[in-house]
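Chain by chain, the residues:
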Amino acid sequence: MGATLVEDFRGSGNVAATVSFGSSKERNSASISATNYCRKVGAKIWVRKLGGGTGTDLLLIDLDKADAATKKAYDSRPRPGRRARAK
């Protein structure tokens with residue numbers, strides 16, 4: 001599911017897109033699948049869950065086309081359970 005989602009997004013040529021799912025469980029599954037696919041193929045796409053734990057929307061952002069503020073937000077996003085990157 002994630003590979004199809006990412007490839008459709010990349011093919012659209014958009015900078016960002018929002019995708020809605022029927023449940024937060026379905027959204028979480030698609031998010032994990034899409035993130036893993038992006039890592040596998042080396043795509044620079046930020047897969048972000050909207051609405052916290054109960055939301056059903058997923059935001060995809062192409063970091064190659066994004067503005068500087070978006071890239072900075074991506075680099076400084078909270079990473080629970082991970083050490084801060086050395087600068």
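Above this text sits the structure in question.
Conventions we followed
By convention here, each chain's residues receive numbers from 1 onward along its written sequence. The model is predicted, so local features are restricted to residues of pLDDT at least 70 and side-chain atom pairs to those at 80 or more, both for listing and for counting; the totals for chains, interfaces and linings are taken over all residues. To obtain the side-chain values, all non-hydrogen atoms of the structure were used and water was disregarded. The numbering of helices and of strands both runs from the N terminus, where a helix is a DSSP run of H or I of at least 4 residues and a strand a run of E of at least 2. Burial classification: accessible surface area is computed with a 1.4 Å probe over protein chains only, and a residue below 20% of its type maximum counts as buried, one above 50% as exposed, and the rest as partly exposed. In this tally, Asp and Glu contribute negative charge and Lys and Arg positive charge; neither His nor the terminal groups of the chain are included. Salt bridges are identified by distance alone: a Lys or Arg side-chain nitrogen within 4 Å of an Asp or Glu carboxyl oxygen. Polar contacts, as used here, are pairs of N or O atoms within 3.5 Å; protein pairs need one atom able to donate a hydrogen and one able to accept it. Residues neighboring in sequence count only if both atoms are side-chain atoms. Throughout, a contact is declared for two residues whenever any of their heavy atoms are within 4.5 Å. Side-chain atoms within 4.5 Å are what join buried Ala, Val, Leu, Ile, Met, Phe, Trp, Tyr and Cys residues into a set we call a nonpolar core. Here the aromatic set is Phe, Tyr and Trp, taking the six-membered ring for Trp, and pairing holds for ring centres within 6.5 Å; pairs whose planes are under 30 degrees apart are stacked, those over 60 apart are edge-to-face, and all others are tilted. Any Lys NZ or Arg CZ that is within 6 Å of a ring centre and within 35 degrees of that ring's normal is treated as a charge sitting over the ring. A pair of strands is considered paired only if DSSP assigns at least 2 bridges between the two. An axis is simply a line fitted to the C-alpha atoms; with a helix, the fit covers only the stretch in contact. Between two such axes, the angle follows the N-to-C directions and lies from 0 to 180 degrees.

(A) View of the side chain of aspartate 62. Its place among the elements puts aspartate 62 in strand β3 (residues 57-62). Nearest to the buried, unbridged aspartate 62 among oppositely charged side chains is lysine 65, at 4.1 Å. Looking at aspartate 62, its side chain comes within polar contact range of the main-chain nitrogen of aspartate 64, at 3.1 Å. What aspartate 62 contacts, discounting residues up to four positions off in sequence, is Phe9, Asn14, Val15, Lys44 and Ile45.

(B) Main features of the nonpolar core. Ranked by size, the top nonpolar core spans 13 residues in total, and within it Leu5, Val6, Cys38, Ile45, Val47, Leu58 and Leu60 carry the most contacts. Of all the secondary structure elements, the ones that give two or more residues to this core are α1 (2-12), α2 (24-41), β2 (45-50) and β3. Sort the elements by how many residues they give to this core and α2 lands first, with four residues. The residues touching leucine 60, leaving out its near neighbours within four places in the chain, are Leu5, Phe9, Val15, Ala16, Ala17, Val19, Ile45, Trp46 and Val47.

(C) Just the packing of aromatic side chains, in detail. Taken as a whole and assessed by the stated rule, the structure comprises one aromatic pair. Summarising the aromatic geometry, the rings of tryptophan 46 and tyrosine 74 are spaced 5.3 Å apart at their centres and angled 70 degrees between planes, so their arrangement reads as edge-to-face. Placement of the pair is tryptophan 46 in strand β2 and tyrosine 74 in helix α3 (residues 68-75), with a sequence separation of 28 residues. Lying over the aromatic face of tyrosine 74, arginine 77 brings its terminal NZ or CZ to 4.0 Å of the ring centre.

(D) Representation of the side chain of arginine 27 within the structure. Relative to the elements of secondary structure, arginine 27 occurs in helix α2. A polar contact is formed between the side chain of arginine 27 and the side chain of asparagine 28, at a distance of 2.9 Å. Within the structure, the side chain of arginine 27 is placed 3.1 Å from the backbone oxygen of glycine 55, a separation counted as a polar contact. With sequence-adjacent residues up to four places away left out, arginine 27 is seen in contact with Phe21, Lys49, Leu50, Gly52, Gly53, Gly55, Thr56, Asp57 and Leu58.

(E) The sheet that holds strand β1 (residues 16-20), seen in detail. Strand order in the open sheet formed by three strands is β1-β3-β2, with antiparallel pairing between adjacent strands. Bordering the open sheet on either side are β1 and β2, each of which pairs with just one other strand. Taken over all neighbouring pairs, the strand axes of this sheet differ in orientation by 20 degrees on average, direction set aside. Contacts from α1 reach β1, β2 and β3, with the element oriented near 50 degrees to β3.

(F) Molecular detail of the pattern of salt bridges. For the structure on display, the rule yields one salt bridge. Across the pair arginine 10 and glutamate 7 runs a salt bridge, and its minimum N-O distance is 3.3 Å. Of this pair, arginine 10 and glutamate 7 are both found in helix α1, three residues apart, which corresponds to roughly one turn of the helix.

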